[in-house]
Each structure stands twice: as structure tokens, then as C-alpha cells.
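# Structure at a glance
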Amino acid sequence: MTYNQGVKTAAETDKRRWERETLEPTLRKSPERAETFTTISGRPIDRLYTAEDLEGIDPGRDIGQPGEFPYTRGIHPTGYRGKLWTMRQFAGFGTPEETNERYKTLLKAGGTGLSVAFDLPTLMGRDPDHPLSLGEVGKCGVNVTSLADMETLFDGIQLGDITTSMTINSPAAMIFAMYLVVAEKQGADWKKISGTIQNDILKEFIAQKEYIFPPRPSMRIITDIFAFCAADVPKWNTISVSGYHIREAGSTSLQELAFTLRDGIEYVQWGVDAGLDVDRFVPQISFFFNAHSDFFEEIAKYRAARKIWAEAMRDRFHARSERSWKLRFHTQTAGVSLTAQQPYNNVVRTALQALSGVLGGTNSLHTNSLDEALALPTAEAATLALRTQQIIAHESGVANVVDPLGGSYFVEKLTKDMEDGALAYFDQIDRMGGMVEAIERGFPQKEIAESAYRFQQAVERREKIIVGVNDFVREDEPPIEILYIDESASEKQLARLEQLRKTRSQAAVERSLDALRAAAKSPKTNLMPPILDAVRVYATVGEMCDALRDVWGEYEEVPII
Amino acid sequence: MRKLRVVIAKPGLDGHDRGAKVIARALRDAGMEVIYTGLRQTPEQIVSAALQEDADVIGLSILSGAHNHIVPRLMELLKEKGLDDVMVVIGGIIPDMDIPKLKDIGVKGIFLPGTPMQEIIDFINGHVRARV
């Protein structure tokens, strides 16, 4: 059964009749504001959507019911009536002590999960005393050099009682190992703890560019983590396949959807090729999307994502477990949409973006702070961002009903268009041999750079309006208070590292690093046990990454503009 | 007439290259010769690229907060190599309180988030002295 049955039997559809009788006289008197209307991604949008637009959509098969395949309407039968989304605010700066204090503030304010932002040296696997770390320690996130820092970061926070998301990619295995050892020392059971490591290297090559090793050994670390967690840390989300950074780098909404889900498929394929059982490791894969400013396009993106994933897991990989079919995702509002001009406007942008994430059925949410186009957020700005989510959850009423936009002609049509567009990208990437090959050719990178440039041109021509930037500009803006991170974090972390190198057993560290090198040379050996051993004797992130650099080398991209 | 030669560089560990790539393309479309160095360039590498490419302008994209370390080192090296007539401009996230210091050591223009590309093109055309 399709929606439009009965409509097309008339010689003239009702929409045509409406256009002739009602619309045309109106347009003659008062033309529309523009000749064409497009989303922020440049997708043309029609004036009106009716039942006719749903031709080819089977409500039972394509939309379904919440909690049932293909999950277009959500993975939970009760939506947010059972449990609200997790309000998970990304935070980290300076030293582990400073960040530990911020976490305690966020938990006291009603945050329900932690999310760790690491600084660039940590993300790039460099210790604070490496020349490339100059000026970067503690600036964009917290610096974690060794297990000692991880112990401080979670001091007084029971890892058995909370879930933690960690935005870490190239050195994900090392940071995850540190977390596991801290949990163990607190007496928490690895089988029960839960959280997420981002661990999504493909989007690093595509967009975020925090890669260390070449693509193939990087993929091996990830399949080793899949295997390790399936056996030993079964509740952990082993990867957060991320569209967020792809979007921030300038992609369209459709490109974000397509490249992210195709990345997800690539990871599953590598897991299968490594001999893992789909239904054992796929349920531990989660996703991470951007919530940008075009409200309905974003909602359609989330709904399409669930359907595409469910069908790909069932039909492409023959997964039999419902847990493999269900796409769970985190959402963060669009950092790139925040403006340095009139920063209070960002509160409104963030609220609307967050609402799209909620109406799209996100499982957890981070809302950006109003000052993030200028600096890392102040505690006050971060609290207001959390309050934004609480107001949506508790005051707006949108969480009282499951998938309130399901059945909207516009939203269902847009969901279908997003799905069709993503599947067309899948075909293109499959023909190249897969996502690793597509990245090696620079395909997604070029697509994104092209979209970023087109958007910037549209802004310059004022085809797209950004309030306070290219319209409604104010000349005499009062400055706002921002968080200024000085050099003290760098000094403290350098001193701490020096102290660590004096007190730990250097011989034990050397032995553990030799074992790690040996494991890296032997593709059949899982890397997690030797990494855990190295972490326990306080080897640093930089030392462990260097051991792997010795074996695998470093990746260098060919820049594309 | 010789085209203006611009080296666009991304120093430091940060990989957010959207801005660097967009401005590189805009300057190229405006008729300049653009050399994009790619990611994670040290001040030494940037100065050597400027020398090799006979650059009139160096454009740095910095968002991570490392500018107070990177830029003074770069300006020093330019002086050492006799390249102090190369115009240096920065785009990215730079706190207001750091701007006077950077201008004092010779940075010509600092462009914060939301700056139109045309403004940067006009600034470069208006301030550069083409090297002969």
C-alpha cells in the first residue's frame, strides 16, 4: 500500500488543481521572495509537499513503527517517554586537575555522562616535550600523557557509575587502555563499564586530519579493538563513526550522511574480513552526527541514517541480531555555524539545532556554548548550553511523543531523497573498491572541499544569510568574557613528565615497547594486550605511538585545494 | 605583470584546514599564484617554502591557540633570511588581547571568523609590495 493510492485516479491531481485555482492568482499578485529556495546544503526545496510526493514510499516497509525494522521512526518503541537522551557535554582543557574539576561541576549540574576533549599533542600521539607540541599543550583540550594523568582526570569519579565518551582516534587504543586500567584500579568490572571511544580513523583521513599511521595499519588497530571488546568489554562502544567532522569541514548534509555510513560499512567489512562474527561486534558500533542549521534537512538525515544502516546490516552483511540493525547516534550542534559576531545569537542557533537532533531521535546530545567561535567555553557558557537541552527536554513537550514528524509529507519525502542520494554515493565508492581506496584517491576530500567553497561563495553573494555576519550587522559590539588558557598547563605537564620519567622503571617501559613493536610486526597478534602492558608500567602516549611509527611509518596526505 | 605569489600555510598540530583551503582557492580565483603547504608545517618549513617559491605574501591559518609561539618564531626566521619584506597575514581564532602583540612584531593583517574573502583579497592587493 502506498500513500498516494486513489489520488492519481483523477485526471487532474488535487495539487494541480490547487496550483491553477488558488496558487497562480496569488503569485500574479504577490511573487515569492526568491525564484528558488534551497537548504543550507544547496538542495532545492519545493513550495509544497503533498501526498503525491510520497509515491514509491511504502509506509509499512519504509517508515514502519518505532522500535521495528527499518527503524526510520526510531530504535525505541517509546521514544523519549522511557528515557531521555543522554546530555553529554564535551569538555576538557589545561591539566587533568582542571578538567577533573569541570567534570564534577557538570555532573553536579545534572549532566548525565562525561565526554573528554583531549589536546592536540595527545590526539597526535606526541608528548608535551616534543617540538611539535610547542604552544599546544592543554589548549584545545586536556593533556593526557600517561596513566598518571588519567588517574587524576577521573579522581573521585566512579567509572562503574557513569558512561564516558572519549574523542580520541589515532591513539584510541592507548587512551582506552588507560581508562580500563583506571577502572580496574577503582574495582570496576570491565564487563559492566560502558562508554565510547571515537576511534574513527577514516573520517580523520577525510576531514579532521588527526591521523598518525597509514590507513591500512590504522584499520588493523580498529579491528583489534573490535575483537578485544567483543570478548572483554562487551558494553563499550568501540567506535563512533563520525559525520560531525566531515560536516564541519564543509560537506553538505547528504555528503555527511553518505560518507559516514559508508565509513561504517567499511569498518564492518574489515571486521568480517578479519574473521569476526557480524552479530558479535556490530552492536558495539555507534555513530555521531552534526546538527546543522537547516532544521528539516537534518531531521531527514537522522531518519534516513537509521533506515540505511538497518538495511545494510541485514542485507549486505546478513546480520541476524536486531542489535546489529539498530543505529544509535550521538549528536553535536554545529560548531562551524557559531559566529564570533553577536555571540549571544549562538544560543538561539544551538537551541534550534539541538531541537532537530531531538526530533530526529538522537540518543545523546552535546550543545555548543555561545562563545566557542572565540575560545573554549567558560563554565558559565557551558552551563547555559546544558540548560538549553534541559529546556527542550522538560518544557517544550517534544519529548512526550515518539517521532512527532513521522508522516509529514515534507519530512518523509526529504528522508527518502536523502536515502536515495546516499545510496548513489555508496555505488560510486563501491566501484572504487571501498572507502579506503576512495580516500587514497582523494574522492571524499575533493567533494567536501568543493562544497565548502560553494557555500562560502553563496555567503559572499548573500544568497545565504548569516545573521550578524553578512546581514543585520552591528558595528559597536561589546566584547564578551572568554576563557583564556595560559601557558601554566604546559609548564605543569612538562614538569610532571620529567618527574614520571625519573620515578617509573625505565627497563620495564623499554621491554613493554619492544613487545609492542613485535606485536605490530605480526598482523595476527591483537595489539590491545601489549598496549595494556605498556600503560600499566606508565609508558607515555608519545612513546607508544613512536613504537608503532617505527614499524608502520607515518601518513602524509597530498593536499587538495 | 608577475602574479602575486602567496604561500598559505597551516602551522602547528591542528588539522582543521577548511579555512586554509577556502582562502587558497579564493586567492587563486582572484588571480594570485597560491602555494598551499599542507598540514603541520614548522616555522622553518614555512620560511623555506616562502624562500623557494619567491613569495610576496605568507598567509597562516591558526585556530588552536598556538599563535603566540609559532608567529614570533616565524617572524624571527624571516628576518634572519632577509625576507622581512614578505607580508604576513593570519586567519583564524585569535583572542583580541593577542592582536596588538602580533601586529607589533610585524604581522600586517589578522582576519577573524566571518571575514569575507573579498576583504582579504582587497587587503592583500592594497598592502602588498610585489617583490621584484
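Residues numbered from 1 in each chain as written. Chains lettered and ligands numbered in written order. Predicted model: local features only at pLDDT ≥ 70, side-chain atom pairs only at ≥ 80, totals over all residues.

### Examining the sheet that holds strand β3 (residues 163-167) of chain A
All names here are of chain A. The 8 strands lie next to each other as β4-β3-β2-β1-β8-β7-β6-β5, forming an open sheet whose pairing is parallel. Each edge of the sheet is formed by a strand with only one pairing partner; in this case those strands are β4 (194-197) and β5 (239-242). Taken pair by pair, the neighbouring strands of this sheet meet at an average axis angle of 25 degrees, ignoring direction. Pairing of strand β2 (residues 113-117) with β3 involves 4 bridges; the strand directions are parallel. If you follow Ala117 over to β3, its bridge partner there is Thr167. (Pairing = 2+ DSSP bridges. Helix = DSSP H or I, 4+ residues; strand = E, 2+ residues; numbered from the N terminus. Axes fitted to C-alpha atoms, helices over the stretch in contact; angles between N-to-C directions.)

### Focus: the nonpolar core
Residues Ala173, Ala177, Ala305, Ile531 and Met544 of chain A together with Ile58 of chain B are the most contacted members of the largest nonpolar core, which totals 184 residues. Ranked by residue count, the leading element in this core is helix α6 (residues 172-186) of chain A, at 11 residues. Beyond its immediate sequence surroundings of up to four residues, Ala305 of chain A is in contact with Leu257, Leu261, Phe287, Leu327 and Phe329 of chain A. (Core = buried A, V, L, I, M, F, W, Y, C linked by C-beta atoms within 7 Å. Buried ≥ 20, exposed ≤ 12 C-beta atoms within 10 Å, placed from the backbone. Contact = placed C-beta atoms within 7 Å.)

### Overview of the interface of chain A and chain B
With 33 residues of chain A at the contact, the number on the chain B side is 28 residues. Counting only elements with at least two residues in the side of chain A that touches chain B, the list comes to α4 (120-123) and α18 (443-460) of chain A. Partitioned by chemical class, the residues of the side of chain A that touches chain B number 21 nonpolar, 6 polar and 6 charged. (Nonpolar A, V, L, I, M, F, W, Y, C, P; charged D, E, K, R; others polar.)

### Thoughts on the pairing of strand β1 (residues 5-9) of chain B
Residue and element names in this part refer to chain B. Among the 5 residues of β1, 4 are classified as buried, and the element is accordingly described as predominantly covered. In terms of strand pairing, β1 meets strand β2 (residues 33-36) through 4 bridges, oriented parallel. For Val6, the partnering residue across the bridge sits in β2 and is Val34. Note on the crossover from β1 through helix α1 (residues 18-29) to β2: the handedness is right-handed. Pairing of β1 with strand β3 (residues 57-62), which is carried by 4 bridges, proceeds in the parallel orientation. Residue pairing across strands places Ala9 opposite Leu60, the latter belonging to β3. (Right-handed = clockwise from strand over helix to strand, strands pointing away.)

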